[in-house]
Amino acid sequence: MTGDSAYAAAPFDHGKADIILRSSDNIDFRVIKLFLSLASSSLETLLHIPQSTEASNDREIKDGLAVIRMQENNKTLDTLLRFCYPCTLAEDPKLKVAEDLVEVLEASRKYSLDTIERKVHRALSNHETLKAEPLRCFAIARRGRAHKETLLAAKYKLTQPLIPSWFQGIGLITATDLLALLTYHQKCGDTVYALKNDLSWIESHHRSSKACAWFSSENRPNPRSSETSKGEKGKRGKKGEKGERGKKEKVVYASESDDSRCQCIGSTTAKYRLFGSQSREWWEDFMEVTFLGLRDKPCRTTVESFVAKTVQSVRAQGCPNCSFNIANYMRDFSKLLTRKVEEGVSKIDLNLVYSTSSTV
Ligand SMILES: [Zn+2]
């Protein structure tokens, strides 16, 4: 007898079915062998049992069909079978990133259902999902031994604070893996944060102070050319003729290039000097908060978010030069910083330990 198993819904109740697959939670799927055999040679082997309608000790018959007990539960089996069936009978199911995806992944690997495995990988690599739930994707990919997707999810984790709060799928992740992930995140943060200690990467990008004059503010009322005079005379003053206004009532840190109208306050510290030049205060503030942010979340989003805030606050300060040009200044610097952040992160390895039975 069949015990208390129930039949699955359409299309797995088909009258022309020639075998029954019973899920681990006792749902019987009446299926057509041909579809499964075509989808997977492993399934074909599994289904290749001698034709007989008689029950025996090791064989169960239900409604005249042989019953094969599967290790997969009802939900996983339903997903796999729908993928195996032609679309005229069953549409491919949408794969949601949830904990049961691990079982789908393992089963698709077990039965060599490569197409399904690829689809699971694709679901785990979805940008929007990774953005919303990087830790859940990490836990599922790691448990499902999807190596590439695990690394990808670890990268997306960098968009969140170092110490996570509770997340869906936390039960799937081992303490060892979580520790490896947090260590990776911390190393990425430290590596990126170290960029602020040596700004030669900005200098070598711009090659001359002229090319990045927008950040500079000589810390004295009058422009001085001693430190950066080479080749910059021609440009200096070209657009600065009407820039003298405001020089008396406020300390004007006229800089190189076309920024002589700048009325921004200059930094009083020696931080973030480039080509020997003092920076404007807003740039120092930007660097301070951005690098603090990057230490916690070393990723493009952090750069973009602080750039946007800086553009807004500089505009609010009303400098006749910077409030108009800040977006341009920061656009280029944002690209450079993002590239450096991504370069830094790419050098850090996620040290996960793979057991010897793991094949990925
Ligand atoms: Zn300014």
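Owing to the predicted nature of the structure, the values given are computational and were not obtained by experimental measurement.

Caption draft 1: Structural view of the overall build of the chain. Within the chain one finds 13 helices and 5 strands. Sequence separation of 24 or more characterises 65% of the internal contacts of the chain that already satisfy a separation of 6 or more.

Caption draft 2: Highlighting the sheet that holds strand E1 (residues 6-7). Spatially, the 5 strands line up as an open sheet ordered E1-E3-E2-E5-E4, and their pairing is mixed. Pairing within the sheet leaves two strands with one partner each, and these edge strands are E1 and strand E4 (60-62). Alignment of strand E2 (residues 19-22) against strand E3 (residues 27-31), held across 4 bridges, turns out to be antiparallel. Bridge pairing in E3 places Arg-22 opposite Asp-28. Docked against the sheet, helix H3 (residues 74-84) engages E2 and E3, running at close to 15° with respect to E3.

Caption draft 3: The side chain of Glu-117, seen in detail. The topology assignment puts Glu-117 in helix H5 (residues 114-124). A residue is classified by how much of its surface remains accessible, and Glu-117, at 16% relative accessible area, is buried. When near neighbours in sequence (up to four residues on either side) are disregarded, Glu-117 contacts Leu-105, Ser-108 and Arg-109.

Caption draft 4: Spatial organisation of the environment of Ala-270. Considering the arrangement of structural elements, one finds Ala-270 in the loop between helix H10 (200-206) and helix H11 (281-296). When the C-alpha positions of Ala-270 and Glu-284 are compared, they lie 9.8 Å apart, and in sequence the two are 14 residues distant.

Caption draft 5: Geometry of the coordination of the zinc ion. For the zinc ion, every protein donor is listed as Cys-262 (SG), Cys-264 (SG), Cys-319 (SG) and Cys-322 (SG), and the spread of their distances is 2.2 to 2.4 Å. Of note is the zinc ion, whose 4 donor atoms meet at the metal with angles of 106 to 115° in an arrangement that counts as tetrahedral. The sequence pattern formed by the donor residues of the zinc ion is C-x1-C-x54-C-x2-C. Within this pair, whereas Cys-264 is found in the loop between H10 and H11, its partner Cys-322 is found in helix H13 (residues 322-346), the two being separated by 58 residues in sequence.

Caption draft 6: Representation of the packing of helix H8 (residues 147-157) against helix H9 (residues 175-193). Orientation of H8 relative to H9, taken along the N-to-C sense of each, is 55°, at an axis distance of 10 Å. When the axes of H8 and H9 are compared, the pair comes out oblique. In this structure, H8 crosses over H9, and the sense of that crossing is right-handed. Contacts between H8 and H9 involve Ala-154, Lys-155 and Lys-157 on the former and, on the latter, Leu-181, Leu-182, Tyr-184 and His-185.

Caption draft 7: Structural context of the packing of helix H7 (residues 134-143) against H8. At their nearest, the axes of H7 and H8 sit 8 Å apart, and the two run at 160° to each other. Here H8 runs roughly antiparallel to H7, going by the angle between their axes. When you trace H7 past H8, the crossing you get is left-handed. Listed contacts from H8 to Pro-134, Leu-135, Cys-137, Phe-138, Ala-141 and Arg-142 of H7 are Glu-149, Thr-150, Ala-153, Ala-154, Tyr-156 and Lys-157. When the residues that make up the contact of H7 with H8 are grouped by side-chain class, the tally is 8 nonpolar, 1 polar and 3 charged.

Caption draft 8: Up close: H3. Along H3, the residues that are buried comprise Thr-76, Leu-77, Thr-79, Leu-80, Leu-81, Phe-83 and Cys-84. Elements that come into contact with the buried residues of H3 comprise E2, E3, helix H1 (33-39), helix H2 (41-47), helix H4 (101-110) and H5. Residue Asn-73 occupies the N-cap position of H3, its side-chain oxygen lying 3.2 Å from the main-chain nitrogen of Lys-75.

Caption draft 9: Up close: the pairing of strand E5 (residues 65-69). Of all 5 residues that make up E5, 4 are buried, and the element is covered over most of its length. Bridge count for E2 against E5 is 3 bridges, and the pairing is parallel. Bridge assignment links Arg-22 to a residue of E5, and that residue is Arg-69. As defined by bridge partners, E4 adjoins E5 across 3 bridges and the pair is classed as antiparallel. In the strand pairing of E5, Ile-61 is matched with Ala-66.

Caption draft 10: Spatial organisation of the pairing of E2. Burial of the side chains of E2 extends over both faces: Ile-19 and Leu-21 are buried on one face and Ile-20 and Arg-22 on the other. In textbook terms, the turn of a hairpin is the stretch between consecutive antiparallel strands, and for E2 and E3 this stretch comprises 4 residues, one of which, Asn-26, has a positive phi near 65°.

Caption draft 11: Region of interest: the packing of aromatic side chains. Counted by the stated rule, this structure contains 13 aromatic pairs. Centre to centre, the rings of Phe-35 and Tyr-85 are 4.9 Å apart; their planes meet at 65°, and the pair counts as edge-to-face. Placement of Phe-35 in helix H1 and of Tyr-85 in the loop between H3 and H4 is noted, with a sequence separation of 50 residues between them. The pair formed by Phe-35 and Tyr-85 is uniform in burial state, with each residue classed as buried. Taking 5.5 Å as the distance between ring centres and 70° as the angle between the ring planes, the aromatic pair formed by Trp-283 and Phe-333 counts as edge-to-face. Remark: Phe-333 occurs in helix H13 and Trp-283 occurs in helix H11; sequence separation between them is 50 residues. Across from the ring centre of Tyr-7, 3.9 Å away, lies the NZ or CZ of Lys-62, which sits over that ring. In this structure, Arg-295 is placed above the aromatic ring of Tyr-193, and the distance from its NZ or CZ to the ring centre is 3.9 Å.

Calculation rules
- Residues numbered from 1 in each chain as written.
- Predicted model: local features only at pLDDT ≥ 70, side-chain atom pairs only at ≥ 80, totals over all residues.
- Heavy atoms only, no water.
- Helix = DSSP H or I, 4+ residues; strand = E, 2+ residues; numbered from the N terminus.
- Contact = heavy atoms within 4.5 Å.
- Pairing = 2+ DSSP bridges.
- Axes fitted to C-alpha atoms, helices over the stretch in contact; angles between N-to-C directions.
- Buried < 20%, exposed > 50% of the residue type's maximum accessible area, 1.4 Å probe, protein only.
- Donors = N, O, S within 2.8 Å, 3.2 Å for Na, K, Ca; no water.
- Tetrahedral: all angles 85-135°; square planar, octahedral: opposite > 155°, others 65-115°.
- Parallel < 35°, antiparallel > 145°, perpendicular 65-115°, else oblique.
- Left-handed = near helix turned anticlockwise from the far one by under 90°.
- Nonpolar A, V, L, I, M, F, W, Y, C, P; charged D, E, K, R; others polar.
- Polar contact = N/O pair within 3.5 Å; in protein donor to acceptor, adjacent residues only side chain to side chain.
- Phe/Tyr/Trp six-rings, centres within 6.5 Å; stacked < 30°, edge-to-face > 60°.
- Lys NZ or Arg CZ within 6 Å of the ring centre and 35° of its normal.

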